[in-house]
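Structural characterization, general
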Amino acid sequence: MTGTVDGRRSIERWDTMFRALAAEPRRRVVVALADARADETLALPEAAHSSPPQRDRDLLHREFVHSHLPTLAEADLIEWDREPLRVRRGPRFAEAAALVDLLHGHAEELPSSLRRHCDLLTEQ
């Protein structure tokens, strides 16, 4: 029975990671935190902006507060403060950082349809 329970937990973690990383702004937060010192707190939305910015700053701020940051926090990937809007690594951050790093390391092996216009894969 233990193997079945462990297998379900593993599947649930994978599902959680894929949900957490499903949106581009959330992936940007993970990359920004991975590039920062382990104990560093980053200001948002500045730390997760693309260059040049692809979205209205106020809209992105609202999306972070109401969607992106709660999703990342629920997965234990980050901890965050609302005022001022800041983010830091959570207890399971290493899981998401490893997945993003794996994608960066193998970006050339991905189909061009996934690489094209994906700043996170072409920036590295």
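The following paragraphs examine the structure supplied in this document. For clarity, every value in this text was computed on a predicted model and none was experimentally measured. (Residues numbered from 1 in each chain as written. Predicted model: local features only at pLDDT ≥ 70, side-chain atom pairs only at ≥ 80, totals over all residues. Heavy atoms only, no water.)

What follows is about the environment of Arg37. Turning to its location among the elements, Arg37 is positioned in the loop between helix H2 (24-35) and strand E1 (42-43). Sequence spacing of Arg37 and Arg88 is 51 residues, and the spatial spacing of their C-alpha atoms is 9.7 Å. (Helix = DSSP H or I, 4+ residues; strand = E, 2+ residues; numbered from the N terminus.)

In this section: the side chain of Arg28. By secondary structure assignment, the location of Arg28 is in helix H2. Relative accessible area serves as the criterion here: at 7%, Arg28 is assigned to the buried category. In this structure the side chain of Arg28 is engaged in a polar contact, spanning 2.5 Å, whose partner is the side chain of Glu24. (Buried < 20%, exposed > 50% of the residue type's maximum accessible area, 1.4 Å probe, protein only. Polar contact = N/O pair within 3.5 Å; in protein donor to acceptor, adjacent residues only side chain to side chain.)

Turning to the pattern of salt bridges, a few remarks are in order. Considering all chains together, one arrives at eight salt bridges under this definition. A salt bridge links Glu46 to Arg57; the nearest nitrogen and oxygen atoms lie 1.9 Å apart. In this pair, Glu46 sits in the loop between E1 and helix H3 (57-74) while Arg57 sits in helix H3, placing the two residues 11 residues apart along the sequence. According to the relative accessible area criterion, Glu46 is partly exposed, its value standing at 40%. Notably, a salt bridge pairs Asp81 with Arg88, separated by 3.0 Å at the nearest N-O pair. With relative accessibility at 31%, the residue Asp81 sits in the partly exposed group. Within the structure, one salt-bridge network assembled from shared partners comprises Arg13, Arg92 and Glu95. (Salt bridge = Lys/Arg side-chain N within 4 Å of Asp/Glu carboxyl O.)

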